[in-house]
Number of protein chains: 2
Amino acid sequence: MSKPKQVTIVEVAEAAGVSIATVSNVLNRGGIRSSKETIRKVELAAEQLGYRRNTMAAGLSRNKTFEIGLIVPGLTSYYGQLAEHLQIEAHNAGYHLSVFSSGGFDPDIERRNLEVLQQRRVDGLICHGLAMGFESTRSIVNSGTPLVLINGWDWPEDISIGSVNLGFAEACKQSCQVLVDRGCTVLCYVGSKVSKVIDEQRRMGFMAGASQYGSQLVHEIVEHRELDMEAYLKDLLQRHSAPVGIVAFDDHVALKLLTAANKLQLNFPKQLQLIGINNDYIAINSFPGISSWDIPYSYQAKMAINKLLNKLTNQPETDEVREIEVPLVFIERETTKI
Amino acid sequence: MSKPKQVTIVEVAEAAGVSIATVSNVLNRGGIRSSKETIRKVELAAEQLGYRRNTMAAGLSRNKTFEIGLIVPGLTSYYGQLAEHLQIEAHNAGYHLSVFSSGGFDPDIERRNLEVLQQRRVDGLICHGLAMGFESTRSIVNSGTPLVLINGWDWPEDISIGSVNLGFAEACKQSCQVLVDRGCTVLCYVGSKVSKVIDEQRRMGFMAGASQYGSQLVHEIVEHRELDMEAYLKDLLQRHSAPVGIVAFDDHVALKLLTAANKLQLNFPKQLQLIGINNDYIAINSFPGISSWDIPYSYQAKMAINKLLNKLTNQPETDEVREIEVPLVFIERETTKI
DNA sequence: CTGTTAGCGCTTTCAG
DNA sequence: CTGAAAGCGCTAACAG
């Protein structure tokens, strides 16, 4: 079934008794001035006929789509929130954001999405820096579409125009300090290699934080997927003197740990202390409440869109930082509060 | 900065020494056969030049975009998951899904997104049936874009071609039965008017389930946002004999209740029983685990896309149900398990 | 099997 | 201030 024909400027032009160029001027171009009378006629005709600009035709004609492509690993939790905020910011800037999920970190899907986005001739791209290998990334840059990375550390300058990264390392480092302050003598980072780059950042930060205290502090790193959490916690508390401090990969992992701890009837913060990341619904509403790091979504989104737009509108080469670091904000709750 | 010019079929045609029509045939049209030799030449040229089809030009020319627009209230939890699955199914069917969030349930944003989607000339629309009033919806139908609703009950036939709804009412009804089976003599539904239509369904189901038992069962309905949960639970248990059964709006609300219960050191399932909906990460990993209703995302997504595609490809008017009901699956955990 | 040609709907000089 | 006309890149008859 072919689509019913939509109203075009031709019809509007006829109805208004002017040329199509004039209609285009009045309706879709701000800059050009027309007589009040013409404007009125055209707008009236357009209104009555239910005219709706054809984005494809416009884009084709001006070689600009006002569309930004976004590729994130998924649409839940952090990624979903981020996508929402980016959509808002893009809209505020007069752009439209096309959101794609790479289905949990699948490089093939990433590549495919990238391809689709390119075929749509998006003006710019925002990607959560990850699985997509060098080639895929190259192919973007080669075609000249500016790329901003979210949480992409140390990417070569010729591939992305920059990145906006959350300060995970710093947060984890400071988590260590908090835990030591609260009396912990053993620190443990429970990571998640599902998200490789991010896990790396957090591990780095944890290491930096823990090693500050030298040999007076025991610390270790484990992977949550390979863990029987109850057994692990039990063992941990047998091996060491309380309180034990845990830095969790995020609030989801933290919840698992919390549950294991609750089953073992461990006491927060006397025996165990726990810090998550994301300040999710989970952290806020669990029992006990999980200390966590809040993410300034809106700010991160603004930064990313700005970076892209600066490039797109060819702003004077500001002395802009290539890698922007967005600091997280600590929210303390019962898992650490003494 | 104008975008660098991309390779077009003209250039590919020149390089391959054939006409542009032939290039188009080989590259973008499956049906038309060409000689092996021609195919080889064209594909080689395209490959070497890095040709990438311009979606806009193609769409404009054939009056078909192979794009489906999706509007959901948000991109977290259920909605995010749904969007991901729809994206997968759309792709499997050769379509591309443009995902939009209406930022909570904002009718203005909904309207705006709808407008954008129409301007893109999407072939079809999928909307989570809600805030958007009659007018907005009308304007879609008027323009002839087929619309499938997700969780949209009782919409007029001339507006949407159908809907795919989750069996919330039935789930809530059965939740009541489960709770009574487990010994509850008092039932309570803790709803959330944030999502009006959905809350209605759940409340209806709850009422139907509870009233089955006549006067031997006390039941009541409250709104979670107006509730001091601890105080409420305490009061509930003072007023009635245990166990009290609670049907929560979803797992998020359930978590809040769970936390309140834990603070009061209530015993599951002896004093309190609790059932959520969504079978979220939360329900699975909380302590105690929350009994919940699992959502067949993949199935729901398939149904929705199929419905749309049947219309788009003008399938023989199957004796298809207009409103498909997708049943949820009960997963029992410690909050009810005796 | 391949090429010619007329659009798709809109933007954008460039004359009037 | 307005309009004629030349595209944007691709597809779809229709001839050859």
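First things first, this report covers the structure right here in the doc. Each chain carries its own residue numbering, running from 1 in the direction its sequence is written. Key to labels: chains lettered from A, ligands numbered from 1, both in the order written. Two thresholds apply to this predicted model, a pLDDT of at least 70 for residue-level local features and 80 or more for giving and counting side-chain atom pairs, whereas whole-chain, interface and lining totals are computed over all residues. For the side-chain quantities, the full set of heavy atoms in the structure was used; hydrogens and water were omitted.

### Observations concerning the overall build of chain A
No. 1: Going along the chain from the N terminus, every DSSP run of H or I of four or more residues is numbered as a helix, and every run of E of two or more is numbered as a strand. Each helix and strand counted, chain A has 13 helices and 12 strands in total.
No. 2: Computation of the radius of gyration draws on C-alpha atoms alone. For the globule rule, the value is 2.2 Å times the number of residues to the power 0.38. For chain A, whose C-alpha radius of gyration is 26 Å, the value lies well above the compact-globule estimate of 20 Å for 338 residues.
No. 3: For chain A, the spread of C-alpha atoms along the principal axes amounts to about 85 × 40 × 40 Å.
No. 4: Classification of residues uses two cut-offs on accessible area relative to the type maximum, computed with a 1.4 Å probe and protein chains only: under 20% is buried, over 50% is exposed, and between them is partly exposed. By residue count, 53% of the 338 residues in chain A fall in the buried class.
No. 5: Residues are treated as being in contact if the distance between any of their heavy atoms lies within 4.5 Å. Sequence separation of at least 24 residues holds for 69% of the intrachain contacts in chain A that already meet a minimum separation of 6.
No. 6: Surface accessibility follows the Shrake-Rupley procedure with a 1.4 Å probe radius. Residue values consider only the protein chains on display as shielding. Counting only carbon and sulfur atoms, one obtains 51% of the accessible surface of chain A, whose full area is about 14,300 Å².

### Focus: the pairing of strand β4 (residues 147–150) of chain B
Residues and elements named next belong to chain B.
No. 1: Side chains L147 and L149 of β4 all project onto a buried face; the interleaved residues V148 and I150 project onto the opposite face, where all are buried too.
No. 2: The rule for pairing is simple: two strands pair if DSSP sees at least two bridges between them. As paired elements, strand β3 (residues 124–128) and β4 share 4 bridges and run parallel to each other. Within β4, the position partnered with H128 by the bridge is I150.
No. 3: Bridge count for β4 against strand β5 (residues 162–166) is 3 bridges, and the pairing is parallel. Residue pairing across strands places I150 opposite V164, the latter belonging to β5.

### Considering the pattern of salt bridges
No. 1: Salt bridge, as applied in this entry: a Lys or Arg side-chain nitrogen positioned within 4 Å of an Asp or Glu carboxyl oxygen. According to the stated counting rule, one finds 26 salt bridges over all chains in the structure shown.
No. 2: Between K64 of chain A and D123 of chain A there is a salt bridge, with the nearest N and O atoms lying 3.6 Å from each other. Separated by 59 residues along the polypeptide, K64 of chain A in the loop between α4 (55–62) and β1 (67–72) and D123 of chain A in the loop between α6 (107–119) and β3 (124–128) bring together distant segments of the chain.
No. 3: Judged by its relative accessible area of 22%, K64 of chain A is partly exposed.
No. 4: For D123 of chain A, a relative accessible area of 2% gives the class buried.
No. 5: What emerges from the salt-bridge pattern is a single network uniting E67 and R120 of chain A together with E67 and R120 of chain B.

### Observations concerning the protein's contact with DNA strand C
No. 1: Proximity is defined per residue: any heavy atom of the residue falling within 4 Å of a molecule or strand makes that residue near it. Taken together, 26 residues sit near DNA strand C, with Y51, R53 and S61 of chain A together with R33 and T38 of chain B positioned nearest.
No. 2: Residues adjacent in sequence count toward polar contacts only when both atoms are side-chain atoms; beyond that, a polar contact is any pair of N or O atoms within 3.5 Å, and within protein one must be able to donate a hydrogen and the other to accept it. A distance of 2.6 Å separates a phosphate oxygen of DNA strand C from a polar atom in the side chain of S24 of chain A.
No. 3: Looking at the surface near DNA strand C, the elements with two or more residues in it are α2 (20–28) and α4 of chain A together with α2 (20–28) and α4 (55–62) of chain B.
No. 4: Counting residues per element, the surface near DNA strand C draws most heavily on α2 of chain A, which supplies 5 residues.
No. 5: When grouped by side-chain class, the residues that make up the surface near DNA strand C number 9 nonpolar, 12 polar and 5 charged. Charged means Asp, Glu, Lys or Arg here, nonpolar means Ala, Val, Leu, Ile, Met, Phe, Trp, Tyr, Cys or Pro, and polar covers whatever is left, Gly included.

### Details of the packing of aromatic side chains
No. 1: Between rings of Phe, Tyr and Trp, where Trp is taken as its six-membered ring, a pair exists when centres lie within 6.5 Å; planes separated by under 30 degrees are stacked, by over 60 edge-to-face, and by other angles tilted. As enumerated under the stated definition, the model contains 12 aromatic pairs over all chains in all.
No. 2: On the numbers, 5.0 Å between centres and 50° between planes, the contact of W293 of chain A with F330 of chain A is tilted. Of the two residues, W293 of chain A is situated in strand β10 (residues 292–294) and F330 of chain A in strand β12 (residues 329–331); the sequence distance between them amounts to 37 residues.
No. 3: For W293 of chain A, a relative accessible area of 4% puts it in the buried group.
No. 4: A residue is classified by how much of its surface remains accessible, and F330 of chain A, at 23% relative accessible area, is partly exposed.
No. 5: Judged by centre distance (6.2 Å) and plane angle (50°), the ring pair of W153 of chain B and F168 of chain B falls under tilted. Separated by 15 residues along the polypeptide, W153 of chain B in the loop between β4 and β5 and F168 of chain B in helix α8 (residues 168–181) bring together distant segments of the chain.
No. 6: Judged by its relative accessible area of 16%, W153 of chain B is buried.
No. 7: By way of ring pairs, the aromatic residues Y78, Y79 and Y297 of chain A are connected into one cluster.
No. 8: Looking at K64 of chain A, its charged tip hangs above the ring of F66 of chain A, at a distance of 4.7 Å from the centre.
No. 9: In this structure, R202 of chain B packs its charged tip against the face of F168 of chain B, placed 4.1 Å from the ring centre. Put simply, a charge is over a ring when the Lys NZ or the Arg CZ is close to the ring centre, within 6 Å, and near the line of the ring normal, within 35 degrees.

### Some remarks on the relation of the copies chain B and chain A
One copy of the chain maps onto the other through a rotation about an axis plus a displacement along that axis.
No. 1: Aligned on chain A, chain B shows an RMSD of 0.1 Å; the corresponding rotation is 180° and the shift along the axis is 0.1 Å. The symmetry that links the two subunits is that of a two-fold axis.
No. 2: Both copies present the same face, since 100% of the interface residues in chain B are matched by interface residues at the equivalent positions in chain A. Only residues with pLDDT of at least 70 in both copies contribute their C-alpha atoms to the least-squares superposition of the copies.

### Section: the environment of I39 of chain B
All names here are of chain B.
No. 1: Tracing the sequence through the fold places I39 in helix α3 (residues 36–49).
No. 2: Judged by its relative accessible area of 28%, I39 is partly exposed.
No. 3: Apart from residues no more than four positions distant in its own chain, I39 is found in contact with V26 and S34.

### Some points on the sheet that holds strand β6 (residues 186–191) of chain A
Residues and elements named next belong to chain A.
No. 1: Spatial ordering of the open sheet is given by β7-β6-β8-β9, a layout of 4 strands whose pairing is parallel. The open sheet has two edge strands, β7 (218–223) and β9 (272–275), and neither has a second partner. Taken pair by pair, the neighbouring strands of this sheet meet at an average axis angle of 20°, ignoring direction.
No. 2: In the sheet, β6 pairs with strand β8 (residues 244–248) via 5 bridges, with the strands oriented parallel. Each bridged residue has a counterpart across the sheet, and for V186 the counterpart in β8 is V244.
No. 3: Working convention: axes come from line fits to C-alpha atoms, limited for helices to the stretch in contact. Angles between N-to-C directions cover 0 to 180 degrees. Set on the sheet, helix α9 (residues 196–211) makes contact with β6, β7 and β8; between it and β6 the angle comes to about 175°.

### A short note on the packing of α2 of chain A against helix α3 (residues 36–49) of chain A
Residue and element names in this part refer to chain A.
No. 1: For the pair α2 and α3, interaxial distance at closest approach is 10 Å and the crossing angle is 85°. Between α2 and α3, the angle is such that the two are roughly perpendicular. In this structure, α2 uses T22, V23, V26 and L27 to contact α3, whose residues at the interface are T38, I39, V42, E43 and A46.
No. 2: Of the residues belonging to the contact of α2 with α3, the class tally is 6 nonpolar, 2 polar and 1 charged. Every angle not falling under 35 degrees, over 145, or within 65 to 115 is termed oblique; those three ranges are roughly parallel, roughly antiparallel and roughly perpendicular.

### Brief notes about the interface of chain B and chain A
No. 1: Counting from both sides, the interface comprises 61 residues of chain B and, opposite them, 62 residues of chain A.
No. 2: With both sides pooled, the region where chain B packs onto chain A buries about 5,800 Å², and carbon together with sulfur makes up 53% of that total.
No. 3: With a closest N to O distance of 2.7 Å, E67 of chain B and R120 of chain A form a salt bridge.
No. 4: For the pair chain B and chain A, the number of links is 25 residue pairs in polar contact (both at pLDDT 80 or more).
No. 5: Those elements that provide at least two residues to the side of chain B that touches chain A are α4, α5 (77–92), β2 (96–101), α6 (107–119), α11 (251–263), α12 (281–285) and α13 (297–312) of chain B.
No. 6: In terms of residues, the side of chain B that touches chain A owes the most to one element, α11 of chain B, which gives 7 residues. Buried surface area refers to the total accessible area, computed with a probe of radius 1.4 Å, that the two partners give up upon joining, counted for both partners together.

### Some words on the pairing of β7 of chain A
Residues and elements named next belong to chain A.
No. 1: Direction of pairing for β6 relative to β7: parallel, over a ladder of 6 bridges. When the bridges of β7 are listed, C188 appears paired with E220.
No. 2: Traced from β6 through α9 to β7, the parallel crossover comes out right-handed. Every crossover in which the path from the first strand over the helix to the second runs clockwise, viewed with the strands pointing away from the viewer, is termed right-handed.

### A short note on the protein's contact with DNA strand D
No. 1: Taken together, 25 residues are adjacent to DNA strand D, and T38 of chain A together with K5, Y51, R53 and S61 of chain B come closest.
No. 2: Across the atoms of DNA strand D situated within 4 Å of the protein, the share located in sugar and phosphate is 72%.
No. 3: Take S61 of chain B: an N or O atom from its side chain is 2.4 Å from a sugar or linking oxygen of DNA strand D.
No. 4: Of all elements in the fold, only α2 and α4 of chain A together with α2 and α4 of chain B reach the threshold of two or more residues within the surface near DNA strand D.
No. 5: Taken together, the residues that form the surface near DNA strand D break down as 9 nonpolar, 11 polar and 5 charged.

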